[in-house]
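Here is how the chains run, residue by residue.
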Amino acid sequence: VSDIGLPLAAPGRAAIITTNLDAFAADLDVSSDDVLLYVALREAAHQRLFAHVPWLSEHLIGAVADYASGIEINAEAIQSRLEEQMHTLDPTNAESMQQLFEGGLFDLPRSPAQDAALQRLEVTLALVEGWVDEVVGQAATERMPSAGKLQEIFRRRRAAGGPAEQTFATLVGLELRPRRLRDASTLWGSLRTRQGAEARDGVWMHPDLLPTAADLDDPLGFREGATAPPTLSEEDFDAELKKLLDPGQPGSAEE
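The structure reproduced in this document is the subject of the present report. The structure displayed is predicted, hence computed values, not measured ones.

## Quick word on the overall build of the chain
Link 1 in the chain: The number of helices and strands found in the chain is 12 helices and 0 strands.
Link 2 in the chain: The N-to-C order of helical and strand elements in the chain reads α-α-α-α-α-α-α-α-α-α-α-α.
Link 3 in the chain: The buried share among the 255 residues of the chain stands at 35%.
Link 4 in the chain: Look at the contacts in the chain between residues 6 or more apart in sequence, and 74% of them connect residues 24 or more apart.

Structure below.
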């Protein structure tokens, strides 16, 4: 149920596994129709974001690729650690065998580049999920009485971690901290309150405009002193674009 905001499906096509959704909704004090509608809204918000931000998919997948490209398997070190632990292993004790594999035997050290890739991935995924949380809340709160309850249910589920999140943490070493998702939602909501929805969504125009990890540490302070960008008419936009493309124009960048 909407575990990780990685674009793994075909562009523009959302999918909901109803069996999983029924199991998720079984113990909730919310109707199954409301749960289905809320999840559909979240999926629609994801699709809308990735459709309107063409660089976002590559940005996320690129972070995973950067992490993977830095993986180096030191077979000699693994063999040495295995031989060392085999001396204390009791082959008749299934629990000791389990501890062997869960004790970090095959953990690989991370390089600084991999740490940077993981931080970029964590921040961007938090921003995606925080944006979805914010826009779905705006769309549903006044029209759907159970929206606030469902929003909190999803946030608590983040704290516990779903199966996909746990698998992702095991494979990549990234744990999506619930506080980061809340901070991102707060950041987007604060920006909308101060400057409007267009300014909030305009941050996605380029990856360099995205909030950083430091911004998530102070979500209410993101662009605190900034004002909403001025609105350009089509004529003004064309004039500014012509200045950039034609160095001979008065006021161009090369003058």
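## Some points on the environment of Asp66
Link 1 in the chain: You can see Asp66 is positioned in helix 3 (residues 56-69).
Link 2 in the chain: In this structure the C-alpha to C-alpha distance between Asp66 and Leu118, which are 52 residues apart in sequence, comes to 8.9 Å.
Link 3 in the chain: Apart from residues lying up to four places away in sequence, Asp66 is in contact with Ala117 and Arg120.

## Re the nonpolar core
Link 1 in the chain: Ranked by size, the top nonpolar core spans 43 residues in total, and within it Val35, Leu56, Leu127, Trp131, Trp188 and Trp204 carry the most contacts.
Link 2 in the chain: It is helix 6 (residues 112-140) that provides the largest number of residues to this core, a total of 11 residues.
Link 3 in the chain: In this view, Leu127 contacts Ala184, Trp188, Trp204, Leu210, Pro211 and Leu216; residues no more than four positions away in its chain are not counted.

## Concerning the packing of helix 2 (residues 32-52) against helix 6
Link 1 in the chain: Where helix 2 meets helix 6, the closest approach of the two axes is 9 Å, and the angle between their N-to-C directions is 125°. As summarised for this structure, helix 2 and helix 6 are arranged oblique, according to the angle between their axes. Judged by the twist between their axes, the crossing of helix 2 over helix 6 is right-handed. Where helix 2 abuts helix 6, its residues Tyr38, Leu41, Arg42, Ala45, His46, Arg48, Leu49 and Phe50 lie against Val128, Glu129, Trp131, Val132, Asp133, Val135, Val136 and Ala140.
Link 2 in the chain: Its residues assigned to classes, the contact of helix 2 with helix 6 comprises 11 nonpolar, 1 polar and 4 charged.

## Let's talk about the pattern of salt bridges
As a working rule, side chains carrying opposite charge can pair if their charged atoms are close by.
Link 1 in the chain: As enumerated under the stated definition, the model contains 11 salt bridges in all.
Link 2 in the chain: Across the pair Arg42 and Glu129 runs a salt bridge, and its minimum N-O distance is 3.0 Å. In this pair, Arg42 is assigned in helix 2 and Glu129 in helix 6, connecting sequence segments 87 residues apart.
Link 3 in the chain: You can call Arg42 buried: its relative accessible area is 3%.
Link 4 in the chain: Asp201 is the salt-bridge partner of Arg48, the closest N and O atoms lying 3.7 Å from each other. Here Asp201 lies in helix 10 (residues 197-202) and Arg48 lies in helix 2, a separation of 153 residues in the sequence.
Link 5 in the chain: In this structure Arg48 comes out as partly exposed when scored by relative accessible area, which is 38%.
Link 6 in the chain: Salt bridges here are not isolated pairs; linked through shared partners, they connect Arg48, Glu134, Arg192, Arg200 and Asp201.

So, how was this worked out
- As a convention, each chain's residues are numbered from 1 in the sequence order in which they are written.
- Only residues with pLDDT of at least 70 are given local features in this predicted model, and only at 80 or more are side-chain atom pairs given and counted; all residues enter the totals for whole chains, interfaces and linings.
- Based on all heavy atoms of the structure, the side-chain values leave hydrogens and waters out of the count.
- By definition, any uninterrupted DSSP run of H or I lasting at least four residues is a helix, any uninterrupted run of E lasting at least two residues is a strand, and each is numbered from the N terminus.
- The cut-offs for exposure are 20% and 50% of the maximum accessible area for each residue type, with area from a 1.4 Å probe on protein chains only; residues under the lower value are buried, those over the upper are exposed, and the others partly exposed.
- It only takes one pair of heavy atoms within 4.5 Å for two residues to be counted as in contact.
- What makes a nonpolar core is a set of buried Ala, Val, Leu, Ile, Met, Phe, Trp, Tyr and Cys residues whose side-chain atoms join them at distances within 4.5 Å.
- Note on definitions: angles span 0 to 180 degrees between N-to-C directions of axes, and those axes are lines fitted to C-alpha atoms, for helices only across the stretch in contact.
- Roughly parallel means an angle under 35 degrees; roughly antiparallel means over 145; roughly perpendicular covers 65 to 115; every other angle is labelled oblique.
- Crossing handedness follows the turn of the near helix against the far one: under a right angle anticlockwise gives a left-handed crossing, and clockwise gives a right-handed one.
- Classification used: nonpolar for Ala, Val, Leu, Ile, Met, Phe, Trp, Tyr, Cys and Pro, charged for Asp, Glu, Lys and Arg, polar for all others including Gly.
- Each reported salt bridge corresponds to a side-chain nitrogen of Lys or Arg within 4 Å of a carboxyl oxygen of Asp or Glu.

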